[in-house]
Amino acid sequence: MNNERIVTALRVLSTDAINKAKSGHSGICLGAAPIINALFYNVMNVVAENPKWVNRDRFILSAGHGAPLLYSALHLAGFGITMEDMKQLRQLNSITAGHPECDIVPGIDASTGPLGQGIAMGVGMALANRYYAAKFNTEDITLFDNYTYVVCGDGCLQEGVALEALSFCGHQKLDKYILIFDSNNIQLDGETNMAASDDIKMKIESMGFNYILVENGNSTEDIIEAINKAKSQNEKPSFIEVRTVIGHGTKLEGTCAVHGAPIGEESANLLKEKFKWNYKPFEIPAEIYDEVKESMKNLGDSKYALWQKKYELYKAKYPDKAQELEQFLNN
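Below is a short write-up of the structure. From a predicted model like this one, the values you see are computed outputs, not experimental measurements.

1. Let's talk about the nonpolar core
In step 1: By size, the foremost hydrophobic cluster in this structure holds 85 residues, and its most contacted members are Leu 39, Phe 40, Tyr 41, Phe 59, Ile 119, Tyr 177 and Ile 240.
In step 2: It is helix α1 (residues 3-21) that contributes the most residues to this core, nine residues altogether.

2. A look at the sheet that holds strand β1 (residues 58-61)
In step 1: Spatial ordering of the open sheet is given by β1-β2-β3-β7-β6, a layout of five strands whose pairing is parallel. The strands lining the two open edges of the sheet, one partner per strand, are β1 and β6 (210-214). Averaged over all neighbouring strand pairs, the angle between strand axes comes to 15°, with direction disregarded.
In step 2: Lying on the sheet, helix α9 (residues 220-231) is in contact with β2 (148-152), β3 (177-183), β6 and β7 (238-243); it crosses β6 at an angle near 170°.

3. Here's the deal with helix α4 (residues 67-77)
In step 1: Of all eleven residues in α4, eleven are buried; the element is thus mostly enclosed.
In step 2: All buried positions along α4 are accounted for by Ala 67, Pro 68, Leu 69, Leu 70, Tyr 71, Ser 72, Ala 73, Leu 74, His 75, Leu 76 and Ala 77.
In step 3: Packing partners of the buried residues in α4 comprise α1, α2 (26-31), α3 (33-42), β1, α5 (83-87) and α11 (286-317).
In step 4: Two residues or fewer past α4, Gly 78 is found with a positive phi of approximately 80°.

4. As for unusual backbone geometry
Of all residues except glycine, most have a negative phi; of all peptide bonds, most are trans.
In step 1: Unusually for a residue other than glycine, Lys 22 sits at a positive phi of about 60°.
In step 2: Relative to the helices and strands, Lys 22 resides in the loop between α1 and α2.
In step 3: Positive phi, close to 65°, is recorded for Arg 90, a residue that is not glycine.
In step 4: Looking at the element boundaries, Arg 90 is found in the loop between α5 and α6 (117-136).

5. Observations regarding the pattern of salt bridges
In step 1: Scanning all chains against the criterion turns up twelve salt bridges.
In step 2: A salt bridge links Lys 52 to Asp 103, with the shortest nitrogen-to-oxygen separation between them at 3.5 Å. Of this pair, Lys 52 sits in the loop between α3 and β1 while Asp 103 sits in the loop between α5 and α6, and the two are 51 residues apart along the sequence.
In step 3: Here Lys 52 falls in the exposed class, since its relative accessible area comes to 56%.
In step 4: Overall, Asp 103 belongs to the exposed group, its relative accessible area being 66%.
In step 5: Residues Asp 198 and Lys 203 are paired through a salt bridge, measuring 2.6 Å at the closest nitrogen-oxygen approach.
In step 6: Judged by its relative accessible area of 42%, Asp 198 falls in the partly exposed class.

6. Digging into the packing of α11 against helix α12 (residues 319-329)
In step 1: Running from N to C, α11 and α12 point in directions that differ by 120°, and their axes come no closer than 5 Å. When the interaxial angle is binned, α11 and α12 end up oblique. Contacts between α11 and α12 involve Tyr 311, Tyr 314, Lys 315, Ala 316 and Lys 317 from the former and Pro 319, Lys 321, Ala 322, Leu 325 and Glu 326 from the latter.
In step 2: Tallied by class, residues from the contact of α11 with α12 come to six nonpolar, no polar and four charged.

Analysis parameters
Residues numbered from 1 in each chain as written. Predicted model: local features only at pLDDT ≥ 70, side-chain atom pairs only at ≥ 80, totals over all residues. Heavy atoms only, no water. Core = buried A, V, L, I, M, F, W, Y, C linked by side-chain atoms within 4.5 Å. Buried < 20%, exposed > 50% of the residue type's maximum accessible area, 1.4 Å probe, protein only. Helix = DSSP H or I, 4+ residues; strand = E, 2+ residues; numbered from the N terminus. Pairing = 2+ DSSP bridges. Axes fitted to C-alpha atoms, helices over the stretch in contact; angles between N-to-C directions. Contact = heavy atoms within 4.5 Å. Salt bridge = Lys/Arg side-chain N within 4 Å of Asp/Glu carboxyl O. Parallel < 35°, antiparallel > 145°, perpendicular 65-115°, else oblique. Nonpolar A, V, L, I, M, F, W, Y, C, P; charged D, E, K, R; others polar.

Quick look at the structure:
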């Protein structure tokens, strides 16, 4: 899988959508694209044809202003977001709103926007998933073993709701909760050191988290390695700090000026030239879709097929528990 090429596709499609809307947050879409690529196409067990599969991995974009990047990822993965939807970003009655909305867009597990709340909702989901595992897994059949992944920014980690939830998460040792921090040292009005001087590593470790640092936020491979390292231990939740550059690839990279604004047509053309992307706006080559589809097939699709077989065995062997589970799933 050509991770570098797919990251470029995510960056370009996101900025094309933001430029057309003349509104949106380019900075995170350009800086955090390798994180989203690592998760959706290399790590997570999700199924585009069955987005509500109960044992899917959960994903929450706590930094909800990065919605165009999430929409781009879902579009390439075949979750039902069309290219026309991408062109309607932030328009009235469009499903591609300025922030992600669950139950409107397939593949989105939580509506986010107010910073920090996605972190807390993720903790709730991780707790719920542990409950399902404790209640329905048996010694011979494991129905629930999914992870909850949350991507956040500096602003999320400055919110009280996030810190309270993270303290609870560490205390409960929710080891299948993995928080990935898009760490670029920039906020809306300037550098983060204007607002805070926390030692993030010390802070998160004091809450009972496993801390992992990725120095090169442009390396999908390094991010995947960090996630696999987090999954290899089962004693604590994990916090992965990924050092990124906001607005990567533009003249304004590393500054707050690119946080919440379109980069414009001229900058978009320079960006495409820099990344050797020789396509028109909203044009994605077929091989990108093919690579993503093949990767998704090897991840979530294959696990979903195995899960269905296990569930049929479960229903035959534990009919009462299966009936109770069905009641849970159907409210």
